[in-house]
Amino acid sequence: MDYGKNLFRKMQYEAVSGNFVENLNSNVNMLNNKTGLCDNEIVDIDEQNENNQLENELRRGSSSNMLVSQSFYTQERFKVLLAFIILVFSFFISTISLIFTHDRLPAEKEPLPDIFLDNVESVDYLLYVTEIQIIIVVNLCIIIIFFHKKRMIVAKRCFLLLSLLYIYRAITMSITVLPISSSTYYCSPKKSSSFLEVLQRSFWVFTGMGLSINGQQQYCGDSIFSGHSTILMFAYLVLDEYLPKKFRWLKKLSLLNAILGMLFLLISHSHYTIDVVLAYYITTRLFWTYHQNLNLLFNNNLNSSKEWWVGFFKYFEKNSARSFPNEFEIPWQHHHQESQI
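Structural notes, computed from the coordinates. Along each chain, numbering runs from 1 in the same order as the chain's sequence is written. Local features are withheld for residues below a pLDDT of 70 in this predicted model, meaning they are given only at 70 or higher, and side-chain atom pairs are given and counted only at 80 or more; totals for whole chains, interfaces and linings count all residues. Processing note: side-chain calculations cover all non-hydrogen atoms of the structure and skip hydrogens and water entirely.

Quick notes on the packing of helix 8 (residues 227-242) against helix 10 (residues 273-298)
Pairs of packed helices are described in terms of their axes, by the angle between the two and the distance that separates them. Working convention: axes come from line fits to C-alpha atoms, limited for helices to the stretch in contact. Angles between N-to-C directions cover 0 to 180 degrees. Here a helix means four or more residues in a row that DSSP labels H or I, a strand means two or more in a row labelled E, and each is numbered from the N terminus. Two elements in contact, helix 8 and helix 10, have axes separated by 9 Å at closest approach and are oriented at 30°. The orientation of helix 8 with respect to helix 10, classified from their angle, is roughly parallel. Where helix 8 crosses over helix 10, the two elements pack in a sense that is right-handed. Across the interface between the two elements, Ser 229, Thr 230, Met 233, Phe 234, Leu 237, Val 238, Glu 241 and Tyr 242 of helix 8 pack against Val 276, Ala 279, Tyr 280, Thr 283, Thr 284, Phe 287, Trp 288 and His 291 of helix 10. Residue type decides the class: Asp, Glu, Lys and Arg count as charged, Ala, Val, Leu, Ile, Met, Phe, Trp, Tyr, Cys and Pro as nonpolar, and the leftover types, Gly among them, as polar. Each residue belonging to the contact of helix 8 with helix 10 can be placed in one class, and the counts come to ten nonpolar, five polar and one charged. Roughly parallel means an angle under 35 degrees; roughly antiparallel means over 145; roughly perpendicular covers 65 to 115; every other angle is labelled oblique. By convention the crossing between two helices is left-handed if the near helix lies anticlockwise of the far one by an angle smaller than a right angle, and right-handed if it lies clockwise. Any two residues having at least one pair of non-hydrogen atoms within 4.5 Å are treated as being in contact.

This is the structure we're talking about:
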């Protein structure tokens, strides 16, 4: 009977996390197999009756639990929207920080000594190659998330993690301003601006997504840490975490893409080596810490986490901190099935 109780608790959690309907039949079959009679098996009649009652309750409760599942999806949609709003706000704060940093650049100062840049001749166009790589891998991630069976959960996590990265970057680039690492990159003239003008200039950078290839990013000083390296590494981590195992080749290709992109970034002298190293470290530590906390939250052991963002994490993940298979589906067919339930 302990098995039946544990199974019932498991199914209650699945109802909240949106998986009750798809797992109901398999769980009931497991219960039947567990309590099935063999020719020479002696079974306690009371225990068998209790198991039969449990099975009937599970079947009778399927419709109400489907309503719980619908409530879960509604809450997740709201959280995805909220996480996206936070991401947009964080990116805009990062662009404002860039404008202020640009206007505080040291006047006519040579690049700082760098063990890599000092020994490699600059190839300016490789910056644009890196940005083309970013555009490709970001669109690939969007496609993967869109067709992922748990697209809302994955999208929500990506929005939150990117928000934290942009907040960290807004802080680090503004508190210590380094001279630019390239002697050939064009920087817009520095000028004193009103706050309204700063917002206008920030919005111009924002609409260009912070890329130089479209001509809307001509501001300098966003050294520590590298935003290009952050996106390249983050895209690899997303693909590595949420692609099925059979796409192992694509995971390796995205890792190679990230490594080459960061290397091209250095060869173009667009960033100091320390910018790229810190981008790798901060992005991977944050991504892995977030997903480690998912396991802690699922096992009710998150009290050991000391991260300042743990409160946001608990709110956004309290109903979705669970492992799930990486499977794909066509979204409009999924919505059609939901409307029939």
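Examining the side chain of Asp 275
Secondary-structure assignment places Asp 275 in helix 10. Relative accessibility thresholds used throughout: buried, under 20% of the residue-type maximum; exposed, over 50%; partly exposed, between the two (1.4 Å probe, protein chains only). We treat Lys and Arg as the positive residues and Asp and Glu as the negative residues; His and chain ends play no part in the count. Salt bridges are defined by distance alone: a side-chain nitrogen of Lys or Arg within 4 Å of a carboxyl oxygen of Asp or Glu. Within the buried core, Asp 275 has no salt-bridge partner, and the shortest N-O distance to an opposite charge, that of Arg 169, equals 8.1 Å. When sequence neighbours within four positions are dropped, the list of residues in contact with Asp 275 reads Ser 223, Ile 224, Phe 225 and Ser 226.

Topic: the nonpolar core
Among buried residues, those of type Ala, Val, Leu, Ile, Met, Phe, Trp, Tyr and Cys that are joined through side-chain atoms within 4.5 Å constitute a nonpolar core. Counting 53 residues, the largest nonpolar core has Leu 162, Phe 234, Val 238, Tyr 290 and Phe 313 as its most contacted members. Listed by contribution, the elements that provide at least two residues to this core are helix 4 (62-102), helix 5 (126-147), helix 6 (151-175), helix 8, helix 9 (248-267), helix 10 and helix 11 (310-317). The element contributing the most residues to this core is helix 6, with twelve residues. With residues up to four places along the chain from it excluded, the contact list for Phe 313 reads Tyr 290, Asn 293, Leu 294, Leu 297 and Leu 302.

Some points on the packing of aromatic side chains
Aromatic rings from Phe, Tyr and Trp, taking only the six-membered ring of Trp, are treated as a pair when their centres fall within 6.5 Å; an angle between ring planes under 30 degrees marks them as stacked, one over 60 as edge-to-face, and anything in between as tilted. Scanning the entire structure with this criterion turns up eleven aromatic pairs. Here the aromatic rings of Trp 309 and Phe 313 are separated by 6.1 Å at their centres, their planes lie at 65°, and the arrangement is edge-to-face. Across this residue pair, the class does not change: Trp 309 and Phe 313 are buried. Ring pairs connect the aromatic residues Tyr 290, Trp 309 and Phe 313, which therefore count as one cluster.

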